[in-house]
Structures are given as C-alpha cells and as structure tokens.
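Per-entry structural report
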Amino acid sequence: MNLNIEEVNEFLSDKNPLDIVKWAVSIAENPVVTTNFRPYEVAILNAVTEVKQDIKVIWCDTGYNTVQTYKHAEEIIEKLNLNIQLYVPKQTVAHRNVVLGVPSIDDKKHALFTKQVKLEPFTRAIKEHQPDVWFTNLRKGQTAFRNSINIVSQSKDGIIKVSPFYNWSEKDLDTYLEQYNLPNEFTYFDPTKVESNRECGLHI
C-alpha cells in the first residue's frame, strides 16, 4: 500500500481515535488488531470493534501472563465478542522452564527466549493472516522508538501500522474507559522486558 505517511499523519493529527479507526478501515482490505491484554488494551479493542466488529484480534500469548491478566482477557473477549486468533509458542512453559528458564535481560539466552515466546508466534500470525493494516495501542511517551512513529507508520515489511490513541495520556484513557464502562487490569507481566519502557522487538 502506497501512502504518504507524512501527509496522512497531518490529516489525522486532530482526529479522535474513532475517526482514525474509521479512516484506516476504509483503506484496508485485511486489517487486524494485536493485543496482549496489558493495561489499557481494552481501549483499542473497543474502538476497532465499534467500526469493524469481526476484525481479527491476534493474541500472542507468551504463556507467562498473570492470573489476573487471563481473567481480564476472558472478560474482554466476552464483553466485546472478540474474534480472537490465538497464537502461542511451540514449546510449553513447563518444558521451557526445564531447558531455558526465564533468562534475565543480560543473559545471552534472552534473545532466544524472546524469539520463542514473542517473535516466532507473532511472525507466524502475520504470515498466516497477511494484514495490510495493523492496529496497535502504541502511545507517545512510552519509549524513544514510539516517540518517533506518530499515529500512522509503516513496518519494515510494508504493513501500515495505526495507533489511534497515540497522542492520548493515561488520564485521557481513564476517561475513555469510564465513558464506555470498560474494565482495566494493571497486574501484568511481560517476561521479555525488565522495564516497562523497553521494546519487545515486535514494533521495531
């Protein structure tokens, strides 16, 4: 898809998330939204399903989520009637715990661990679904990389990435969740990251 990303971002700069989603759906042939059910993910899921109820929701579950996150996920899946496409690592957590464990960020095995639990399932999902538009809940201020991408960007494999809530603060999101009576859950664990402002590798 050939878009002038700079012009598109200028056009969308004063639009609200719902209008951004509507624009993106209008140009898409095969849109998807990805989620890991971390805090505030319900906002993007609610926004995209308001416009396209049957959109494919790709959930790459590392297998290391908290009990609270799994319960939260089930609640949202039911509440929003999500078209979940579940992808999990090819090796179980129990098996990996024996042969690899959960390496620290400084451990040379960390790259292999990240590849197994995140990158491989995600790559498999994208290969199977081949989306042209990918909705994410990336926001400005989360990491240096995310500060550079704007509302619309293009991934290295040519997929148009759309982040409708890019310019929103957590306070804005709190108001949005309250407005739509949506649940949130903060007890979340990402085994590939030590700090919340690290990239996991999917968005670079």
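The text that follows walks through the structure, step by step, so that each part is easy to find. Bear in mind that the values here come from a model prediction, so they are computed numbers and not experimental data.

1. Some remarks on the packing of aromatic side chains
Counted by the stated rule, this structure contains 9 aromatic pairs. Both rings, one in F165 and one in W168, keep their centres 5.0 Å apart while their planes meet at 90°; by these two values the pair is edge-to-face. Judged by its relative accessible area of 25%, W168 is partly exposed. By the ring-pair criterion, three or more aromatic residues cluster together here, those being F165, W168, Y176 and Y180. Across the ring face of F11, the terminal group of K15 is positioned such that the distance to the ring centre comes to 4.2 Å.

2. Some points on the pairing of strand β2 (residues 56–60)
Remark: a regular strand shows side chains that alternate across the two faces of the sheet. Of all 5 residues that make up β2, 4 are buried, and the element is covered over most of its length. With 4 bridges connecting them, strand β1 (residues 31–35) and β2 associate as parallel partners. Across the sheet, residue T34 finds its bridge partner in β2, namely I58. As a crossover connection, the stretch from β1 through helix α3 (residues 41–51) into β2 is right-handed. Assessed by its sense of winding, the connection that carries the chain from β2 through helix α4 (residues 67–80) to strand β3 (residues 83–87) is right-handed.

3. So, the environment of T66
Checked against the element boundaries, T66 lands in the loop between β2 and α4. Taking the relative accessible area as the measure of exposure, T66 reaches 16% and is therefore buried. Sequence separation of T66 and Y188 is 122 residues, and the distance between their C-alpha atoms is 6.0 Å. If sequence neighbours within four positions are ignored, T66 has contacts with T187, Y188 and F189. Reaching out from T66, the side chain makes a polar contact with the backbone oxygen of T187 at a distance of 2.6 Å.

4. So, the side chain of N65
Here N65 lies in the loop between β2 and α4. Separated by 2.9 Å, the side chains of N65 and D61 make a polar contact. The contact partners of N65, leaving out residues within four places of it in the chain, are N36, W59, Y70, Y188 and F189.

5. A look at the pattern of salt bridges
Inspection of every chain in the model, using the stated rule, returns 7 salt bridges. In this structure, the salt-bridge partner of D54 is K52, at a minimum N-O distance of 3.2 Å. The class of K52 is partly exposed, set by a relative accessible area of 26%. Residue D190 is joined to K193 by a salt bridge in which the shortest nitrogen-to-oxygen separation is 3.9 Å. In terms of burial, D190 and K193 fall into one category: buried. Where salt bridges share partners, they join K90, E120 and R124 into one cluster.

Rules used throughout
Residues numbered from 1 in each chain as written. Predicted model: local features only at pLDDT ≥ 70, side-chain atom pairs only at ≥ 80, totals over all residues. Heavy atoms only, no water. Phe/Tyr/Trp six-rings, centres within 6.5 Å; stacked < 30°, edge-to-face > 60°. Buried < 20%, exposed > 50% of the residue type's maximum accessible area, 1.4 Å probe, protein only. Lys NZ or Arg CZ within 6 Å of the ring centre and 35° of its normal. Helix = DSSP H or I, 4+ residues; strand = E, 2+ residues; numbered from the N terminus. Pairing = 2+ DSSP bridges. Right-handed = clockwise from strand over helix to strand, strands pointing away. Contact = heavy atoms within 4.5 Å. Polar contact = N/O pair within 3.5 Å; in protein donor to acceptor, adjacent residues only side chain to side chain. Salt bridge = Lys/Arg side-chain N within 4 Å of Asp/Glu carboxyl O.

Everything listed here is a matter of coordinates, which is why it stays silent on function.
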